Amino acid sequence: MKEIIAIIRTDHVEPTKGALESIDVKGITFSNVIGRGRQRGTIRVPDPESTVRKDVGVYIMQQRGIISDADDPKYHVPVQKEIELGFLPKKMLMIVVNDDEVPHIVDTLTQINRSGQQGDGKIFVCPMTDAVRIRTGERGNKALS
């Protein structure tokens, strides 16, 4: 048995639940958590003021003859700034499954939650030595079903 612990973005909860249900994962626990990873709680957001200043600068450069076409899209890339938020809200999901189910579940979680941006999350796979169903006292794999 293995425990899969995944830390994901809060806006990916519904797609994640749907994907796990579609591959017949039954027992899932979600929790609200806060934390930070390698990015140290920073996010990149558009900076409208800097973008406007940059766009105005492009038109001034055209007036002075430094560039020929101020409307060229390569000069109008939105400017982003980093904001440090400290700890970010996330969702943590926990699933306990048989060893043979782990690769498929991890692949599904990765596909659904990957945006290519910092803060997509992390998946941990941990050994599970035992499980006990409180109602009946069943142990091990029987407690999972």
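> Could you give an account of the sheet that holds strand β2 (residues 29-35), naming the residues involved and the relevant values?
With antiparallel pairing, four strands are arranged side by side in an open sheet as β2-β5-β1-β6. Each of the sheet's edge strands pairs with one partner strand only, and the pair in question is β2 and β6 (121-127). Strand-to-strand, the axes of this sheet are offset by a mean angle of 20 degrees, without reference to chain direction. Pairing analysis gives seven bridges linking strand β1 (residues 2-8) to β6, with the strands arranged antiparallel.

> Now, about unusual backbone geometry: what can you tell me, with residues and values included?
Residues other than glycine seldom take positive phi values, yet D24 does so here, at roughly 70 degrees. In this structure, D24 sits in the loop between α1 (13-22) and β2.

> If you had to explain the side chain of K90 to someone new, which residues and values would you point to?
The residue K90 is located in strand β5 (residues 88-97) in this model. Of the side chains with opposite charge, D120 comes closest to the buried, unpaired K90, at an N-O distance of 7.0 Å.

> With reference to specific residues and values, describe the nonpolar core.
Generally speaking, a soluble globular protein has its nonpolar side chains buried in company with each other. Judged by nonpolar contacts, I4, A6, I8, V13, L20, V25, L93, I95, V97, V102, I105 and L109 together constitute the single largest core of twelve residues. Those elements that provide at least two residues to this core are β1, α1, β5 and α3 (102-113).

> Could you give an account of the side chain of D120, naming the residues involved and the relevant values?
Tracing the backbone shows D120 in the loop between α3 and β6. Classification of D120 by relative accessible area gives buried; the value is 14%. Ignoring sequence-local partners within four residues, the contact set of D120 consists of I7, I8, R9, N113, R114 and S115.

What counts as what
- Residues numbered from 1 in each chain as written.
- Predicted model: local features only at pLDDT ≥ 70, side-chain atom pairs only at ≥ 80, totals over all residues.
- Heavy atoms only, no water.
- Pairing = 2+ DSSP bridges.
- Helix = DSSP H or I, 4+ residues; strand = E, 2+ residues; numbered from the N terminus.
- Axes fitted to C-alpha atoms, helices over the stretch in contact; angles between N-to-C directions.
- Buried < 20%, exposed > 50% of the residue type's maximum accessible area, 1.4 Å probe, protein only.
- Lys, Arg positive; Asp, Glu negative; His and termini not counted.
- Salt bridge = Lys/Arg side-chain N within 4 Å of Asp/Glu carboxyl O.
- Core = buried A, V, L, I, M, F, W, Y, C linked by side-chain atoms within 4.5 Å.
- Contact = heavy atoms within 4.5 Å.

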